[in-house]
Amino acid sequence: MNKIFTTAAALTLLTATTASADFYFDGYAEYAFEAEQFETNLGINYEYSDFVAFADANLIDTPDTDFTFDNAELGVGYNVTPNATVYGKVILDDNLEYDEGVVGLAFLFWSSVLSMT
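The notes below deal with the structure included here. (Residues numbered from 1 in each chain as written. Predicted model: local features only at pLDDT ≥ 70, side-chain atom pairs only at ≥ 80, totals over all residues. Heavy atoms only, no water.)

Looking now at the sheet that holds strand 3 (residues 51-62). Reading across the sheet, the six strands line up as 1-2-3-4-5-6 and stay open at both edges, with antiparallel pairing between neighbours. Looking along the sheet, the strands with just one partner apiece sit at the ends: strand 1 (21-32) and strand 6 (98-107). Averaged over all adjacent pairs, the angle separating strand axes in this sheet is 20 degrees, with direction ignored. When strand 3 meets strand 4 (residues 65-81), the two strands line up antiparallel, connected through eleven bridges. Looking at the pairing, Ala-53 lines up with Val-76 of strand 4. (Pairing = 2+ DSSP bridges. Helix = DSSP H or I, 4+ residues; strand = E, 2+ residues; numbered from the N terminus. Axes fitted to C-alpha atoms, helices over the stretch in contact; angles between N-to-C directions.)

Structure (structure tokens):
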């Protein structure tokens, strides 16, 4: 049920069109020395008003394997304030089957001392 709701909400937000919508990509790449593991994440984000929908794919490379698909995440969020977002996401395993459901609260901290502009 959660998977269906989250997927439907994400698709609804992704198909909405308006001048105030923002669409962007994000990602990261990191290397863990002790695990000898390289991990990369590629994501798509769509923001409309106070709502956000996102989809991420995680790839892992270890000494024993080449790059392999590890998992995917689909989620939606709502900006309760400019600095806080409540969200829910579904994590799918490497076979794109349900693995975990997550709810959370993300914070954005900012200080003018940290600003580089």
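Read on, since the account is not over.
All right, on to a nonpolar patch on the surface then. A surface patch of nonpolar side chains, about 780 Å² in accessible area, is lined by Tyr-48, Phe-51, Tyr-78, Val-80, Val-86, Leu-105, Phe-107 and Phe-109. With respect to the helices, strands and loops of the structure, Tyr-78 is situated in strand 4. Residue class for Tyr-78 comes out partly exposed when judged on its relative accessible area of 33%. (Patch = residues over 30% accessible without salt bridge, like charges linked within 9 Å, V, L, I, M, F, W, Y side chains within 5 Å. Areas by Shrake-Rupley, 256 points an atom, 1.4 Å probe, with all protein chains shown as cover. Salt bridge = Lys/Arg side-chain N within 4 Å of Asp/Glu carboxyl O. Buried < 20%, exposed > 50% of the residue type's maximum accessible area, 1.4 Å probe, protein only.)

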